[in-house]
Structures are given as structure tokens and as C-alpha cells.
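# Remarks on the overall topology
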Amino acid sequence: MGKISDIWQHFDKLNRNESKCKICKKIYKTSGNTTNLRTHLEKMHNIPKSAPGTLTNDPSLDECDEHDTVSGDTTVKKKSSAQMSIAQSFSHVSSFSSGKNHTEIIDALLFCICKDNLPFSTVEGQGFKHFLSVACPLYNIPTRNTIKNKIDQKYEDLARTFKERIKNKDVSLTSDIWTDLQMTSYLGITIHFLEKNTFVSGTLGVYELNERHKSEYISSCFKQILSDWEINKSNVLAIVTDNAANMKKAAQDTFGIKKFIPCIAHTINLIADGAITNCSKLNELIEKVRNIVKFVKNSVIINDELRRKQKSEGIPDGKILNMILDVKTRWNSLYYMVERFLFLYKMLAPILLENPKAPNNISSRDLQDLKECKDLLRPLEDLTKKLSGQKYAVLSTILPLINCVRDATSHIEVTSSIGIDLKKNILNELNVRFNNLEIFYDFPIATLLDPRFKTLHFKDPANCVKATDKVKQILMKLELEQRTQIQLNEPTTIGEPEVTEVSITPSFDLWTYHTSKANTQIEDRTEPIYQELYDFLAKPVVSNLNTSPLDAWEVMDSMYPNLHKIARQKIGIIATSVPSERLFSKSSATLSKTRNRLQGKRMSKLVFLSSLEKEDWF
């Protein structure tokens, strides 16, 4: 009996002269041999020639297994019964070194490494190799260098796609500077834009800084980043950074003074710090609390006793609380420290009284002062939380939020001298920092065009009129552009002689009188386009704050088409540099101890790839 070629593992025999490839589904002629088929496998699918004499038990080869045995004058059809064992079959199956399965697995592996911040050496780890040997024993694991090359290639592909995605779109940027544990500085930049009615955030990367952080150098980095991502400077509506002088000047020099927005979240941090610092008695009280918290956190015995007290109060194990120590760069950590201290103090006080080494305790009057201060700081804490949430704050929400903080703080009743001083300081800081917010940049315009707010939060009617006039000017400019475009689109005939029709009886149409009057009104009109704005402001606001202003405008598009264009542009501008802060948190996770030799360019690629959603990868 003749042996069956291993070629038939990859082909289906259609008839005696034609066979179909199982991989690409193409049909090839056999011409009585397998030469054409083997050449196809080697050239098109990179499948090398296997060891000679390989058999197969593919049922599609039944016709090939038949051979004729001649006995005298009688021809007998005899079917081969030879079949490989299971061990032999597995030993001759091709591994996932190419083809669709290999591509899918390598893409999934790259996604895992980028998303989970795994080092490239993961593929060489004993545990990882064992896992794949069980889950996918036929897969050839790539080396770390192969992974690096594949990631570079993936970055090029996805970056090209992202460039097309943001091409000619109006965008807002956020930026900040971060220094890693090895004292290497990076400039991080994020991008934000609208896709239909969805607010989309993306990462352009983190760029290693090799010179002093002067505004000129940072400005040159901004320009290089715009060039790399093919972003037109005219499409940048705003850039948001912290209040550092070098960042502010670099942003203004690169994009213009009117496009720079100081981060509102950083400004709130300055307001809280300034209000607390200027209250000397409050600082002394906070220092007492801080010393007690440090003492408790440094004592295992006191922590054990505090946990026992909480359990005796009926608090379950999963909800046992510890003391919180503040971080000076984050003012709201001070609020959380005071809040937790007040909650645990009744259980903590007896423990401290029994310990002779405990720091000076606080009095009942001090407790009352702390409660008043916590209540005064709560509006600022809630504002910080809203500005720093996963859903980033946009321009239209800032003016209403600041006015709500003012109103909430003004309505809090205080009796202690510390509380009175703190309340006065907070209101004074709000007035100093946000006194011109109703006329600053596009904040009033965005608020005016947000269906949830409109004119509700303008304290000064004159500023509301100014904001309305600004919208009118934008509408006038938009109308002028539309008229110009219409004139450009009108067909013209050049060089053709005018043909005059001679009519015995002049034509007559009554509608020509109407057309004449209509054209006169259009030519003489001064402010008809403003009617959209008046109609929009005359209607009540959208009462549900959870309503997306973009969704609301989508419904009103047919009623206010010109105003809709302006609203989409202004409402979609981001108001804080919180995305840049989050970017550096992701970067620190990427540049971990197991990846401490990661170079700046590759880290920027990894940060970009990790910021993309799963749908963008596959």
C-alpha cells in the first residue's frame, strides 16, 4: 500500500485533477502529483516540507486511499486501513507560527502587555510559559525582542488610525510636567474632542524633557507634538495647564493668550490652602489632630485596640476604618483626615487617655471648631470631587459650580472665632480667584449656551449682556461666512456671449413683486439671525442636570441650526488638567520597578497604546 502525503492535511481533494486549499480556499490542479500543492504551501503560507512518509487519517482522502490490486482478470478495489496513533497525529500537527490564529494570539498578547503594564520579559517567565503550554501547547512563544518590534509596529498602525480620527476636528488639550523616581522629566499631553454627541478623551503620549523647563523649550515641544500628530493649531480651541509660570507662558506663546485656560482644579486647591493658611488658630488645631493621627498610625497596639472598639460597636470586618494622614499637596486629604478623626474620636479618646506617651488631646471646644471647619470645607471638597471625576468637567459647568459654592458657603452658620475667620477667608479667596469668571475667556458663552444653565448663574446682569453680545458677534460672523460660501457656489459663465431672447409679448408674473420685497428684506436685515439666540434663551432651562447638553442640542438642531454649531464648539472644551494628572499615574505604573530601563520613546508608545479601548485594538 502506498503512503499518503502530508500535503492532504492542508487540501481537500475535489476530484482526480483538482484540490482546494483549506487555508485560503483556492483551487489548484494536481496533474497526478502534489508538486503544485506543496509549492503553494511553501510560498503562500510559509509551511515547510514535513518529514517524508507522513500518513493522514483525513476522511476527505478516502478516494486517494484507494488503489487497484490486479489478480488475474479481476480488478479488486481495496481501501487502506493504515492510520496514525494519537501521539503520532499530535507530533505532526503544525504549530501556530503563522496564519490567522497566530495573528490573533500575538495581538491579544500585545494588548495584555500594554493594558496590564507587564514587562517584556513576561514572555520568558517560567509561569507564563507553563500557562501557555497548558492553554495553547502548539503556540510558539515570541521572544522579548519580537514583542518590542511588534509593539512598535502596532503603535504605528494605531497612531495612524488615531490621526485620521482627529483630523480637522476641533480639540482641546491638557498638559503637565512629571518627574519619575530616576529624576527624569516628562511632558504629558492629552486630547479631547467630540464624536457625534460623545465626549472622547485620548492620550498623545509622554515626552522626555532633556533641557531646563523654560517656557521656550516647552513651547518647542508643543509645536513638535502638534507636528507629529498632524494637528492644525487653528483646530485647538483651548489648552489647559496648571498655574506654573513656565507652563502658562509656553501655552500662550504657542496657542495664543485667548486659548490658555488655567486649571480650575488647581485653582480650587489654591483657594483651600490660602483660606486655611491665613487662619492661624485653625492651623494650630490641625497640627494637634495631625500629631494624634501620626501617633496612632505608628502604633500597632493602638491600631489593634481601635479595631476591637469598632467591632464592639457592631462594625463588620470589611468596614473597619483606619486613621487618615493628610498630604500637603492635596488639600482635600486634610478634609478627609479631619472627617475620619471626628468619626473615630469617641472610640479613640479612651485609648489615648490610657497611654502616657500620647500627644496632647483636644478639648470639646476644639471638637466643635473642627466640626464647623469641616462643614465649611465640604462645598470645596464636593467641588474638587466633581472637577476630578472620571467624567471630566467641561467649560459650561464651571460658572454654575463656583456660584453654588459661594451660595453654599454663605448659608453655613458658624459661631466660633475659627469658623468665622475660615468662612471669611473662603469667600474672600473665591472672590479674588473668580471675580472675573463671568467675563473670562469662553466660560460665560459656554454657560449661556448650556440648556441646563443659560442665564441662571450670572450674578451681574451687565456681564450676561456682554456674553449675549459675544454670541451675537459669532452669529454675525457665521452668517457672513455662509453668504460668502453661497456666492462662491453660484455658477458663473466666463467668456460666453450673453444670449438675449427676443419676445414679442413681455412675460408677466405676480410673484416677482413678492420676490423683490423678500430680497430687499434680506439685503436690509440687521439682526434676524439673532432671533435663534432670543428664542433659545426665552425657553426654560432643562431641569434634569444629568441630561447631556449635547443630546439636548441634538433635539434643538432644527430650531437653532446656527446656535447649535457654536454650542457644540464651546460646550465641548475641557476645564481642568486632571486628565494629565491621571496620565502621570498611568505612566508611573508603566515605568515600574520591573521596567526601570524603559526608554522615553517606548514608554510614550506604551502609554498611548494602554489608553486605547479594546474596540480600538481589534
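An account of the accompanying structure is given in this report. Residue numbering note: each chain is counted from 1, following its sequence as written. Totals for whole chains, interfaces and linings use every residue, but because this is a predicted model, local features are given only for residues with pLDDT of at least 70 and side-chain atom pairs only at 80 or more, for both listing and counting. In computing side-chain values, all of the structure's heavy atoms are included and hydrogens and water are not.

## A short note on the overall build of the protein
Note on conventions: DSSP H or I runs of at least 4 residues are helices, E runs of at least 2 residues are strands, and numbering of each starts at the N terminus. Along the backbone of the protein there are 24 helices and 10 strands. Here the term buried applies to any residue with accessible area under 20% of the maximum for its type, exposed to any over 50%, and partly exposed to those in between, with areas from a 1.4 Å probe on protein chains only. Expressed as a percentage of the 618 residues in the protein, the buried residues total 43%. Put simply, of all contacts in the protein between residues at least 6 apart along the chain, 67% involve residues at least 24 apart. Accessible areas in this description were obtained via Shrake-Rupley with a 1.4 Å probe; residue shielding takes into account the shown protein chains only. In the structure as shown, the protein presents an accessible area of about 35,500 Å², 52% of it carried by carbon and sulfur atoms. Contacts between residues were defined by any pair of non-hydrogen atoms, one from each residue, lying within 4.5 Å.

## What about the packing of aromatic side chains?
Pairing of aromatic rings covers Phe, Tyr and the six-membered ring of Trp, with a centre-to-centre limit of 6.5 Å; geometry is then stacked below 30 degrees between planes, edge-to-face above 60, and tilted otherwise. This model, assessed by the stated rule, comprises 18 aromatic pairs. When the centroid spacing of 5.2 Å and the interplanar angle of 50 degrees are considered together, the rings of tryptophan 229 and phenylalanine 608 count as tilted. Taken together, the residues tryptophan 229 in the loop between helix H7 (215-228) and strand E9 (236-241) and phenylalanine 608 in helix H23 (residues 600-611) connect sequence positions 379 residues apart. For the residue pair tryptophan 229 and phenylalanine 608, the accessibility class agrees, reading buried in each case.

## A short note on the sheet that holds strand E2 (residues 18-21)
Strand order in the open sheet formed by three strands is E1-E2-E3, with antiparallel pairing between adjacent strands. Single-partner strands in this sheet number two, and they are strand E1 (11-13) and strand E3 (27-29). Pairwise comparison of adjacent strand axes, ignoring direction, gives a mean angle of 35 degrees for this sheet. Any two strands with at least two DSSP bridges between them are considered paired. Only the stretch in contact is used when fitting a helix axis, every axis being a line fitted to C-alpha atoms; angles between N-to-C directions are given from 0 to 180 degrees.

## Some points on the sheet that holds E9
Each strand in a sheet pairs with its neighbour through backbone hydrogen bonds, running either in the same direction (parallel) or in the opposite one (antiparallel). As summarised here, the arrangement of the five strands in space is E8-E7-E6-E9-E10, forming an open sheet in which the pairing is mixed. Each edge of the sheet is formed by a strand with only one pairing partner; in this case those strands are strand E8 (198-209) and strand E10 (260-262). Pairwise comparison of adjacent strand axes, ignoring direction, gives a mean angle of 25 degrees for this sheet. Pairing analysis gives four bridges linking strand E6 (residues 171-179) to E9, with the strands arranged parallel. Among the inter-strand pairings, leucine 173 is bridged to a residue of E9, identified as isoleucine 239. With respect to the sheet, helix H6 (residues 144-166) is in contact with strand E7 (185-195) and E8, its orientation differing from that of E7 by roughly 50 degrees. Relative to the sheet, H23 contacts E6, E7 and E8, its axis offset from that of E8 by approximately 170 degrees.

## Section: the pairing of E6
Burial analysis of E6 places seven of its nine residues in the buried class, which makes it a mostly covered element. Bridging between E6 and E7 involves nine bridges; their strand directions are antiparallel. Residue pairing across strands places aspartate 176 opposite glycine 188, the latter belonging to E7. As consecutive antiparallel partners, E6 and E7 are separated by five residues, and within that stretch methionine 183 has a phi angle of approximately 60 degrees, a positive value.

## Here's the deal with the pairing of E8
Pairing between E7 and E8: 11 bridges, direction antiparallel. The residue bridging leucine 187 from the neighbouring strand is tyrosine 207, located in E8. Taken together, E7 and the strand that follows it, E8, pair antiparallel across an intervening segment of two residues, in which lysine 196 is found at a positive phi of about 60 degrees.

## Re the pattern of salt bridges
A side chain with one charge may pair with a side chain of the opposite charge, provided their charged atoms come close. Any Lys or Arg side-chain nitrogen found within 4 Å of a carboxyl oxygen on Asp or Glu counts as a salt bridge. Summed over all chains, the structure comprises 25 salt bridges. Note that arginine 290 is salt-bridged to glutamate 287, the shortest N-O span being 2.7 Å. Of this pair, arginine 290 and glutamate 287 both sit in helix H10 (residues 280-297), three residues apart, which is roughly one turn of the helix. A salt bridge links arginine 308 to glutamate 305; the nearest nitrogen and oxygen atoms lie 2.7 Å apart. Of the two residues, arginine 308 and glutamate 305 are both situated in helix H11 (residues 300-312); the distance of three residues between them amounts to about one turn of the helix. We classify glutamate 305 as partly exposed; its relative accessible area is 27%. Each of the salt bridges in this network shares a partner with another, and the network as a whole consists of Asp152, Arg602 and Lys605.

## Examining the packing of helix H20 (residues 549-556) against helix H21 (residues 561-571)
At a minimum axis distance of 10 Å, the contact between H20 and H21 shows a crossing angle of 170 degrees. In terms of their interaxial angle, H20 and H21 are classed as roughly antiparallel. The residues of H21 that touch H20, namely those facing Pro549, Leu550, Trp553 and Glu554, are Leu563, His564, Ala567, Arg568 and Ile571. Lys, Arg, Asp and Glu make up the charged group, whereas Ala, Val, Leu, Ile, Met, Phe, Trp, Tyr, Cys and Pro make up the nonpolar group; the residues left over, Gly among them, are polar. In the contact of H20 with H21, the residues fall into six nonpolar, one polar and two charged. Between 65 and 115 degrees an angle is taken as roughly perpendicular, under 35 as roughly parallel, over 145 as roughly antiparallel, and anywhere else as oblique.

That's the geometry; what it means functionally is another story.
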